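# Structural characterization, general
For reference, the chains in residue letters:
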Amino acid sequence: MTELPADLRLPDVTDPQTVNWAEIPSPAFVLDETRLRRNLALISYVQEKSGAQIIVAFKGFSMWSTFPILREYGISGATASSLNEVILADEEMQGEVHAYAPAYSDEDFPEILRRSDHIVFNSLAQWERFRPQVEAARQGGRTIHAGLRVNPEYAEVETDLYNPAGPFSRLGVTRREFPDTLPEGIDGLHFHTLCEKDSDTLERTLEVLEEKFGEFLASDQVAWVNFGGGHLMTREGYDIERLIRVVRAFRERWNVHVILEPGSAFGWQTGWLVSSVLDVVHNVKDAVLLDVSVSAHMPDVLEMPYRPRILGAGDPPDDTHREADAGASGHRYIIGGTTCLAGDVVGEYVFPEPLKVGDRVVFDDMIHYTMVKTTFFNGVKHPDIGILHADGSYERVKVFGYDEFKAKLS
Ligand SMILES: Cc1ncc(COP(=O)(O)O)c(C=O)c1O
């Protein structure tokens, strides 16, 4: 395991075993302030030592009630992937607004332009389409940084769903399609090819980027390079020193401002989805119906797919056809959600005690890419959004009701 830098001091975090889960109204996404502060201390350390500007990618983490905490750690802005996220960044983040969307519409662009400081275009055609508006704003005295997303066609992402540099990707301009000279008015480049990666992947990616796009990096026209997201610097074992080294060397080599825009790294392991048991049914095996939905509240479990950790529960022995029993291995249950979707199921888990109606079942690491992706499928009750504060108090920040459900429909 990689050692943390010696001069990096991280705050202690709340032990989930000390939390009285039964006191937290269910269902709820519960962000742990101590864990968020730990991530932020680390991100801010990287920002300071590497000289990169680190902004938060709203697509992965946009719990805006925590933005005052982010600002305490010098997080100077956000990257938004739509007009809605741009408005949220402008209204709530109180910092720089960076926009990147695979395509902007004629309808949305004027407002995106009005509220953004950096705008990254995914294609030359999009740049040409909106360039007159950008130039007009610049002539009107605004500083607008305009960038192009390039696709270095190099990625170490195993899951196709999350690989922006795979064959025929629509994300970013490849070297083949790139013009011989950098279009006038463009002052930066952007790439995003990482997903939950360590800094060795970044280092190898930069080698390819430099090989393919070095002549443009060398041009005085390029003042900044955005390394996208996927830098999971808050995961245990991530090689932070290497990240700092790689970023510093890149900045010095090309004389550019470097921006990192991770989402996951901010929300990584900062909290839980608290649910409770509504019913226990038996059909050869025991199955539990929770007051949350896998499909509506933890969609990545089905999309990716992956098996989330449940606090206090374990994996069943590998004899999947055995009936539930209360033997030495504990009590096995298929854990399912409350929608009518047959596959609204997390999987089978073993609990130390039998589950009964009202018991809490707490899913770990359910903040990044979870809260942002929920739906009201089946009209299921949307989990609250809450903060477990450093002093142990619990704040119910947002409670969803019929009004929010109805407002999504017409
Ligand atoms: C362009 C861009 N920037 C940043 C991010 C954030 O990545 P992550 O949350 O993995 O750090 C993404 C994620 O898909 C992205 O597409």
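Cut-offs applied
- Residues numbered from 1 in each chain as written.
- Predicted model: local features only at pLDDT ≥ 70, side-chain atom pairs only at ≥ 80, totals over all residues.
- Heavy atoms only, no water.
- UniProt positions renumbered as here; feature names shortened; annotations may be inferred.
- Buried < 20%, exposed > 50% of the residue type's maximum accessible area, 1.4 Å probe, protein only.
- Polar contact = N/O pair within 3.5 Å; in protein donor to acceptor, adjacent residues only side chain to side chain.
- Helix = DSSP H or I, 4+ residues; strand = E, 2+ residues; numbered from the N terminus.
- Contact = heavy atoms within 4.5 Å.
- Domains from an automatic or database assignment.
- Buried area = accessible area lost by both parts, 1.4 Å probe.
- Salt bridge = Lys/Arg side-chain N within 4 Å of Asp/Glu carboxyl O.
- Nonpolar A, V, L, I, M, F, W, Y, C, P; charged D, E, K, R; others polar.
- pLDDT = per-residue confidence, 0-100.
- Phe/Tyr/Trp six-rings, centres within 6.5 Å; stacked < 30°, edge-to-face > 60°.
- Near = heavy atom within 4 Å.
- Core = buried A, V, L, I, M, F, W, Y, C linked by side-chain atoms within 4.5 Å.
- Pairing = 2+ DSSP bridges.

### With respect to the UniProt feature "binding site: substrate" (unreviewed entry) in the protein
As annotated by UniProt and renumbered to match this structure, "binding site: substrate" (unreviewed entry) occupies Asp300. Residue classification places aspartate 300 among the buried positions, given a relative accessible area of 13%. A polar side-chain atom of aspartate 300 sits 3.5 Å from a polar atom in the side chain of tyrosine 162.

### Describing the side chain of threonine 374
Considering the arrangement of structural elements, one finds threonine 374 in the loop between β15 (360-364) and β16 (384-388). A polar contact is formed between the side chain of threonine 374 and the side chain of histidine 382, at a distance of 2.7 Å. Threonine 374 has contacts with Phe29, Ala296, His297 and His382, leaving out every residue within four places of it along the chain.

### Thoughts on the environment of threonine 2
Summarising the element assignment, threonine 2 is placed in the segment before β1 (28-32). Sequence separation between threonine 2 and valine 380 is 378 residues, and the spatial gap between their C-alpha atoms is 43 Å. Dropping the residues within four chain positions of it, threonine 2 is found in contact with Gly237, Tyr238 and Asp239.

### Remarks on the domain arrangement of the protein
When the domains of the protein are assigned, the result is domain 1 (51-267) and domain 2 (271-366 + 374-407). Between the C-alpha centres of domain 1 and domain 2 there is a distance of 35 Å. On the side of domain 2, eight residues touch domain 1, which itself brings seven residues to the contact. On the domain 1 side of the contact with domain 2, Met63, Ser65 and Tyr162 bury the most area, a combined 57% of that side's loss. Inspection of the region where domain 1 meets domain 2 yields zero salt bridges. For the pair domain 1 and domain 2, the interface holds one residue pair in polar contact (both at pLDDT 80 or more). A per-class count over the side of domain 1 that touches domain 2 returns three nonpolar, four polar and no charged.

### Details of the confidence of the model for the protein
Model confidence for the protein is summarised by a mean pLDDT of 95, while 97% of its residues fall at 70 or above. This model gives residues 323-328 a pLDDT under 50, and the stretch forms nine contacts once residues within four places in sequence are excluded.

### Some points on the packing of aromatic side chains
Taken as a whole and judged by the stated rule, the model has 17 aromatic pairs. Here phenylalanine 109 and phenylalanine 121 contribute two aromatic rings whose centre-to-centre distance is 5.9 Å and whose plane-to-plane angle is 40°, an arrangement assigned as tilted. You can see phenylalanine 109 sitting in helix α4 (residues 109-115) and its partner phenylalanine 121 sitting in strand β6 (residues 118-121), a full twelve residues away along the chain. You can call phenylalanine 121 buried: its relative accessible area is 0%. Taken together through their ring pairs, the aromatic side chains of Tyr104, Phe109, Phe121, Trp127 and Phe130 make up a single cluster.

### Thoughts on the site of the ligand
Surrounding the ligand, one finds 13 residues, the nearest of these being Gly230, Glu261, Gly263, Ser264 and Tyr369. A distance of 3.4 Å is found between an oxygen atom of the ligand and a side-chain nitrogen or oxygen belonging to histidine 192. In this structure, glycine 263 approaches the ligand through a main-chain N or O atom, which is 2.9 Å from an oxygen atom. Class assignment of the residues belonging to the shell around the ligand gives a composition of four nonpolar, six polar and three charged.

### Let's talk about the pattern of salt bridges
A side chain with one charge can pair with a side chain of the opposite charge if their charged atoms come near. For the structure shown, the criterion picks out 28 salt bridges. Residue aspartate 106 is joined to arginine 129 by a salt bridge in which the shortest nitrogen-to-oxygen separation is 2.8 Å. A residue pair is termed long-range when its members are at least 10 positions apart, and aspartate 106 in the loop between β5 (96-100) and α4 and arginine 129 in helix α5 (residues 124-139) qualify at 23 residues. In this structure aspartate 106 comes out as partly exposed when scored by relative accessible area, which is 45%.

### Things to note about the nonpolar core
Core analysis: the biggest nonpolar cluster contains 101 residues, and Leu70, Phe121, Phe227, Met233, Phe250, Ile335 and Phe363 have the highest contact counts within it. Here this core spans two domains, since at least three of its residues come from each of domain 1 (51-267) and domain 2 (271-366 + 374-407). Within the second largest apolar cluster, nine residues are counted, among which are Ile24, Ala28, Trp272 and Val362.

### As for the pairing of strand β12 (residues 285-290)
With six bridges joining them, strand β11 (residues 271-283) and β12 adopt antiparallel strand pairing. If you follow asparagine 283 over to β12, its bridge partner there is lysine 285. What sits between the antiparallel neighbours β11 and β12 is a turn of one residue, in which valine 284 has the positive phi angle 65°. When β12 meets strand β13 (residues 331-336), the two strands line up parallel, connected through three bridges. Bridging across to β13, alanine 287 finds its partner in isoleucine 334.

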